[in-house]
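# Coordinate analysis (summary)
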Protein chains: 2
Amino acid sequence: MNETKTLASYIVSNRWEDIPADVRHEAKRSIINVFGCAIGGSAHQAVTTAIRALGPFSGERTAGVIGRVERLDPLHASLMNGISSHVEDYDDTTPKNYSHTSSPVSSALFAYASANRVRGRDFVEAFILGFEAASRVGNVVYPAHYDVGWHITGTIGVFGAAAAIGKLIGLNEQQMIWALGLAGTQSAGLREMFGSMGKAFHPGRSAQNGYAAALLAQAGFTSGERGIEGPRGFAHVTAATRDLSKIGTRLGVDFDLRENTYKPFPCGIVNHPTIDGAIQIHDADRPDPASIVAVRLRVAPLVLDLCNQQNITKGLQGKFSVYHGAAVGLVRGKGGLREYTDEAVNDPAIKRVRELTTATGDPSITEDQVKIEVELRDGRRLTKFVEQSLGNIHRPLTDRQLDEKFRDQAVMVLPADAVESLIQLCWNIDELDDVGQLVRTSVPGAAPVERETVS
Amino acid sequence: MNETKTLASYIVSNRWEDIPADVRHEAKRSIINVFGCAIGGSAHQAVTTAIRALGPFSGERTAGVIGRVERLDPLHASLMNGISSHVEDYDDTTPKNYSHTSSPVSSALFAYASANRVRGRDFVEAFILGFEAASRVGNVVYPAHYDVGWHITGTIGVFGAAAAIGKLIGLNEQQMIWALGLAGTQSAGLREMFGSMGKAFHPGRSAQNGYAAALLAQAGFTSGERGIEGPRGFAHVTAATRDLSKIGTRLGVDFDLRENTYKPFPCGIVNHPTIDGAIQIHDADRPDPASIVAVRLRVAPLVLDLCNQQNITKGLQGKFSVYHGAAVGLVRGKGGLREYTDEAVNDPAIKRVRELTTATGDPSITEDQVKIEVELRDGRRLTKFVEQSLGNIHRPLTDRQLDEKFRDQAVMVLPADAVESLIQLCWNIDELDDVGQLVRTSVPGAAPVERETVS
């Protein structure tokens with residue numbers, strides 16, 4: 001009956017000790033994943049453009065921006081972190097509601113922690129609570145909310161950022177109710193922006209606006225008391241059907257974070273089984289790409305609806321080509337950010353394999369599956385059936401695979417020693433005295449990490 | 001079929017000469033009205049609180065804030081102007097869609113013009129185009145959008161601010177399409193905030209976010225091309241039913257601004273006939289308040305649903321009391337901001353008349369009407385039937401009544417000579433070389449207006 005208050009009370013009263021060990025560990029996995037995505041996306045034109053447009057309006061430049069040399073005020077830094085961490089569509093996914101919640105929540109937290117000294121365990125706790133707040137609000141309105149056209153990452157992320165920053169700055173219950181209300185009344189983000197920079201703007205603005213909501217509430221700026229469940233509140237207004245019981249049920253016991261998933265490849269998830277299977281063939285048989293004469297895919301019919309582009313010249317188009325996915329897996333044994341550049345799409349070896357790949361829709365193949373047959377010049381046929389795609393909830397990336405994903409992105413921006421230091425810092429984040437160290441170490445040309453601050 | 005492009009093209013290509021004289025005049029009426037509301041609301045706790053919370057994050061303080069001594073960057077100044085101009089619920093109303101559009105549009109424009117030199121006619125043109133853009137987007141989604149719970153002033157205001165600022169900074173058509181798209185994807189504001197500071201936050205944030213949308217678009221930050229009409233765009237996502245033809249029909253010929261209305265009293269519009277009629281009795285008969293023994297109202301039944309509070313002690317409660325409206329009209333012959341303070345509500349003479357006032361719902365009385373009967377100690381009965389309430393579209397405030405409304409608010413903040421100068425400046429705004437002069441003159445303790453800059 002009073003879900004905003006229930007959620008606010010939980011966030012305010014939670015203690016670090018209340019959080020189960022497996023949830024803490026999953027939080028670290030989410031943080032290393034999203035932090036790597038932010039570094040990987042930090043040089044993207046969307047970030048550069050946003051800094052060019054809004055940087056001149058920055059307040060006192062007390063905050064670092066992940067992966068960038070520019071400094072901004074913490075609110076603008078939140079925006080930029082949100083853009084960079086989502087812009088390659090490489091961040092995490094919560095299968096319950098298909099949100100990418102780590103981006104808005106962590107983006108505000110990293111900005112805050114780079115401008116204010118924050119202990120690692122406080123940071124991780126705030127992340128877990130912000131993630132849970134956002135995801136539960138998402139569960140209330142999913143799927144009607146997403147189906148009508150809301151980009152749920154943007155619309156619920158603002159609740160998560162407000163909750164996380166509100167926890168760190170010590171809001172009381174009344175202030176947290178206002179912070180959630182002010183989050184709800186700023187909730188925005190249209191799926192019509194997909195395919196433009198506007199998509200990554202959503203988690204960025206959510207991070208920034210959630211952070212601002214917490215600051216306003218702390219100062220005594222009031223909102224409606226029932227921002228989530230009220231008759232003209234977020235749930236009613238943005239979803240034709242809704243289930244408010246999702247806020248309070250087993251709160252503090254069940255954690256959506258436990259079901260978070262991490263993309264192994266920076267493209268639409270329906271291509272993942274093909275890339276995964278192609279990499280497995282590459283690793284097992286090491287076929288010479290020049291020896292490949294045909295690649296035959298049997299895929300879920302949806303794959304051909306979404307990712308049927310064959311004649312492509314741009315990296316971005318590669319993300320919508322299952323043929324390109326097969327080719328990079330077979331030729332390079334990888335499907336990282338560098339396999340989705342213009343260079344990779346126009347690489348002659350990749351282009352050749354892509355062009356001799358065919359795909360057939362098969363209703364007996366699920367969206368997590370693929371059957372691949374590679375025919376070689378000598379007549380041999382290499383086959384692979386992927387039953388559960390790497391990265392889905394039944395076959396999660398291992399911690400070491402997350403390291404590798406982080407490394408693969410971060411080395412584009414940072415020297416190798418800084419990258420390895422950051423990987424260690426991420427796994428030890430709950431032991432840090434000062435999480436701002438992560439942001440500082442992510443800045444190109446920054447001094448090497450000060451190890452002694454790991455307590 | 002491509003309404004975003006249609007609207008963008010219109011805004012970009014319009015010239016001052018294309019705007020009919022009566023529309024220019026109505027723009028001035030809207031500007032003097034909303035500027036006065038911003039001055040009147042500038043000392044409100046909501047503004048002070050927002051400045052306390054977010055002022056420390058201000059960028060270079062190049063902009064003035066209407067009615068305040070603090071300076072902020074233009075984006076934050078837009079937010080504060082939006083809060084102050086709407087916080088007393090005293091701004092304008094467009095009866096077609098019940099939005100209060102001048103607040104978000106003018107708030108961004110005043111902030112921009114206080115930090116950048118803007119000619120008056122450019123300012124007025126941008127205001128007219130921003131108002132029209134917002135109101136037409138509102139017409140597309142009204143009434144389903146409002147009925148489900150969106151605060152339409154917030155949700156459409158962001159389009160208006162983006163259009164207005166985009167016009168002033170000279171966006172081309174493609175950039176204006178992106179600005180409108182980035183506006184749409186930030187569109188927000190829940191009616192659940194009514195009764196809290198969150199309500200006035202909506203036009204403020206709309207002004208700020210629309211302004212930012214224009215800056216981002218100018219820098220090349222892309223959005224979806226069909227932010228308004230796309231299958232996952234603003235209209236589809238936020239309204240169960242919609243009429244996209246409202247964007248393009250007679251664009252540049254019909255202007256919603258022509259139908260803008262201005263509240264004579266800072267409270268819910270259903271109380272207006274009663275206050276109006278009570279003031280007419282006061283002015284005609286000058287009854288001694290102490291001689292009043294009964295006041296009997298016949299009102300539309302909705303009035304008793306919304307404004308039936310009788311035992312009140314706070315100024316804010318007075319806004320929801322038709323009895324208080326009758327009392328201030330009869331006792332003071334006025335219903336301005338000062339009649340809705342705690343002091344006024346507790347004024348013994350007003351309290352006495354309020355407590356002997358009764359009201360009867362009568363389905364034959366429209367929401368624009370009232371029948372008032374005042375019984376005096378000597379047995380006389382003063383009666384008044386108000387057929388069209390002052391301020392509605394059939395009985396608009398005159399220019400001189402707008403002056404009086406402005407004066408009544410501005411004298412709470414500014415010396416009388418500055419107030420009179422501002423009234424003159426507003427009526428001559430299209431002749432000014434530098435509209436920033438208005439904002440500067442609105443600052444308490446500011447130097448007197450430099451008359452020579454009126455060209």
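Note that the structure is a prediction, hence the values are computed from the model and not measured.

Take helix H13 (residues 272–285) of chain A next. Residues and elements named next belong to chain A. For H13, built from 14 residues, the straight-helix expectation of 20 Å at 1.5 Å per residue is met to within 8% by its first-to-last C-alpha distance of 20 Å. Buried residues dominate H13, accounting for 10 of its 14 residues. On its buried face, H13 is in contact with strand E5 (292–299), helix H16 (322–332), strand E7 (370–376) and strand E8 (381–386). One or two positions beyond H13, positive phi appears at Arg-286, with a value near 45°.

Residues and elements named next belong to chain B. Here we have 4 strands laid out as an open sheet, ordered E6-E5-E7-E8, and mixed in their pairing. Strand pairing shows two members of the sheet lacking a second neighbour, strand E6 (357–361) and strand E8 (381–386), which therefore form its edges. On average, each strand axis in the sheet is inclined to that of its neighbour by 15°, with strand direction left out of account. Sheet analysis places strand E7 (residues 370–376) next to E8, joined by 6 bridges and oriented antiparallel. For Ile-372, the partnering residue across the bridge sits in E8 and is Lys-384. Each of strand E5 (292–299), E6 and E7 is contacted by helix H16 (residues 322–332), which is oriented at about 125° to E5, the strand it contacts most.

Interface size is commonly expressed as the accessible area that is lost once the parts come together. Residue-level contacts link 52 residues of chain B with 52 residues of chain A. Residue assignment for the side of chain B that touches chain A shows that the elements contributing at least two residues are helix H3 (45–54), helix H9 (173–184), helix H10 (198–219) and helix H11 (234–238) of chain B. Residue contributions to the side of chain B that touches chain A peak at 9 residues, all from H10 of chain B. Here the residues of the side of chain B that touches chain A are counted per class, giving 22 nonpolar, 23 polar and 7 charged.

Of the transformation placing chain B onto chain A, the axial shift is 0.0 Å and the rotation is 180°, giving an RMSD of 0.0 Å. Here the copies are linked by what is in effect a two-fold axis. Identified as the residue of chain B closest to the rotation axis by C-alpha distance is Gly-59 of chain B, at 1.8 Å. A shared interface surface links the copies, since 100% of the contact residues of chain B are contact residues in chain A too.

Helical geometry note: an α-helix holds 3.6 residues per turn, so side chains three or four residues apart project in the same direction. With 22 residues, helix H6 (residues 120–141) of chain B should cover 32 Å at 1.5 Å per step; its first-to-last C-alpha distance of 32 Å lies within 8% of that length. Burial of H6 of chain B is extensive: 20 of the 22 residues sit out of reach of the surface.

For the rest of this paragraph, the subject is the pairing of E5 of chain B. All names here are of chain B. Relative to E7, E5 is paired through 6 bridges, and the arrangement is antiparallel. Across the sheet, Arg-298 pairs through a bridge with Lys-371, a residue of E7. Pairing geometry for E5 and E6, over 5 bridges, is parallel. Residue Arg-298 lies in a different strand from E6, and its bridge partner there is Thr-360.

Rules and cut-offs
Residues numbered from 1 in each chain as written. Chains lettered and ligands numbered in written order. Predicted model: local features only at pLDDT ≥ 70, side-chain atom pairs only at ≥ 80, totals over all residues. Helix = DSSP H or I, 4+ residues; strand = E, 2+ residues; numbered from the N terminus. Expected span 1.5 Å × (residues − 1). Buried ≥ 20, exposed ≤ 12 C-beta atoms within 10 Å, placed from the backbone. Contact = placed C-beta atoms within 7 Å. Pairing = 2+ DSSP bridges. Axes fitted to C-alpha atoms, helices over the stretch in contact; angles between N-to-C directions. Nonpolar A, V, L, I, M, F, W, Y, C, P; charged D, E, K, R; others polar. Least-squares fit on C-alpha atoms with pLDDT ≥ 70 in both.

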